[in-house]
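Residue-level structural notes
Spelled out, the chains give:
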Amino acid sequence: MERTTMNQFKRILIPTDGSEYTKAAIAQGLELARLMNAEVTALYVVDQTSFVNFPMDSTVVSVYSLLEKEGKDAVDYVRQEGERLGVKVDVAVVEGSPAKKIVDEAKDYDMVVMGTLGRSGFSKLLLGSVAERVVRFAPCPVLVVRAAPREEKA
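This one's a predicted model, so the numbers in the text were calculated from it and none came from an experiment.

Quick look at the packing of aromatic side chains now. Going through the model one piece at a time under the given rule, you end up with zero aromatic pairs. It is Arg 11 that lies over the ring of Tyr 109; its NZ or CZ is 4.4 Å from the centre. Directly above the aromatic system of Tyr 77 lies the positively charged group of Lys 23, at a separation of 4.9 Å from the ring centroid.

Pasting the structure below:
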């Protein structure tokens, strides 16, 4: 059985949705990258599945533009945090189904570090499954960092 040592993690993928839920994962991923002298790519997926059933009218186009801007802001945050720690961060904003895109991208990386993704309520339940699917199907190790909620309920 081949053993993976920590110094083999030279390329780390950090998916982000720009929410508070991913900040702990970003910090953890960047710190790991700093310790291992690894390169990082921050990835935001513009979720095309949201638009499949809508005609491409001006409303959808403006929502799409908003998501694209949110994506750019999200990956720029990771790049700025990386600079602060002396970690090189490349950025990518892609389109598609988040879980599938993250798994596809993961083949070029040694590790994925991600939060549970998702904002609140029902969307959090749906988006929480993104991390679960990435863990299940990614070809490399996946570290899922859970953000501590403000009010912990037992």
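Once the structure has been displayed, the description carries forward.
Counting through the fold element by element, Asn 37 comes out in the loop between helix H1 (23-36) and strand E2 (39-47). Counting along the chain gives 49 residues from Asn 37 to Gly 86, while the straight-line C-alpha distance between them is 9.5 Å.

Glancing now at the environment of Met 114. Its place among the elements puts Met 114 in strand E4 (residues 111-114). The class of Met 114 is buried, set by a relative accessible area of 0%. With 16 residues separating them along the chain, Met 114 and Val 130 place their C-alpha atoms 9.9 Å apart. Those residues within four positions of Met 114 in sequence are excluded, and the remaining contacts are Pro 15, Ala 25, Ile 102, Val 130, Ala 131, Val 134, Val 142, Leu 143, Val 144 and Val 145.

On to the pairing of E2. Within E2, eight of the nine residues are buried, which leaves the element mostly enclosed by the surrounding structure. Strand direction decides the pairing type here: strand E1 (residues 11-15) and E2, joined by five bridges, are parallel. Looking at the pairing, Ile 12 lines up with Val 40 of E2.

Another point: the nonpolar core. With 23 residues, the main nonpolar core has Ile 12, Ile 14, Leu 30, Val 40, Val 89 and Val 113 as its most contacted residues. Only E1, H1, E2, helix H2 (58-85) and E4 provide two or more residues apiece to this core. Of the residues forming this core, the biggest block, six residues, is contributed by H1. Setting aside chain neighbours within four positions, we find Ile 12 in contact with Gly 29, Leu 32, Ala 33, Met 36, Ala 38, Glu 39, Val 40, Thr 41, Tyr 109, Met 111 and Val 113. Listed in part, the 16 residues of the second largest apolar core include Leu 43, Val 45, Ala 99 and Ala 131.

Here the focus is H1. Spanning 14 residues, H1 covers 20 Å between terminal C-alpha atoms, matching the ideal 20 Å at 1.5 Å per step. Buried within H1 are the following residues: Ala 25, Ile 26, Gly 29, Leu 30, Leu 32, Ala 33 and Met 36. Down the axis of H1, the buried side of the element spans an arc of 160 degrees, and every buried residue falls inside it. The first or second residue beyond H1 is Asn 37, which carries a positive phi of 55 degrees.

Along the polypeptide, Ser 19 turns up in the loop between E1 and H1. A polar atom in the side chain of Ser 19 sits 2.7 Å from the side chain of Asp 17.

The parallel open sheet is built from five strands, whose spatial order is E3-E2-E1-E4-E5. Of all strands in the sheet, those with a lone pairing partner are strand E3 (89-96) and strand E5 (142-144), marking the two edges. Within this sheet the neighbouring strands show an average axis-to-axis angle of 25 degrees, counted without direction. Where helix H3 (residues 98-106) meets the sheet, its contacts fall on E1, E2, E3 and E4, and the angle it forms with E2 comes to roughly 155 degrees.

Before going further, it helps to examine the pairing of E4. Of the two faces of E4, the one lined by Met 111 and Val 113 and the one lined by Val 112 and Met 114 are each fully buried. Bridge count between E1 and E4: two bridges; the pairing is parallel. When the sheet's bridge partners are listed, Ile 12 is paired in E4 with Met 111.

Calculation rules
Residues numbered from 1 in each chain as written. Predicted model: local features only at pLDDT ≥ 70, side-chain atom pairs only at ≥ 80, totals over all residues. Heavy atoms only, no water. Phe/Tyr/Trp six-rings, centres within 6.5 Å; stacked < 30°, edge-to-face > 60°. Lys NZ or Arg CZ within 6 Å of the ring centre and 35° of its normal. Helix = DSSP H or I, 4+ residues; strand = E, 2+ residues; numbered from the N terminus. Buried < 20%, exposed > 50% of the residue type's maximum accessible area, 1.4 Å probe, protein only. Contact = heavy atoms within 4.5 Å. Pairing = 2+ DSSP bridges. Core = buried A, V, L, I, M, F, W, Y, C linked by side-chain atoms within 4.5 Å. Expected span 1.5 Å × (residues − 1). Arc of directions from axis to C-beta. Polar contact = N/O pair within 3.5 Å; in protein donor to acceptor, adjacent residues only side chain to side chain. Axes fitted to C-alpha atoms, helices over the stretch in contact; angles between N-to-C directions.

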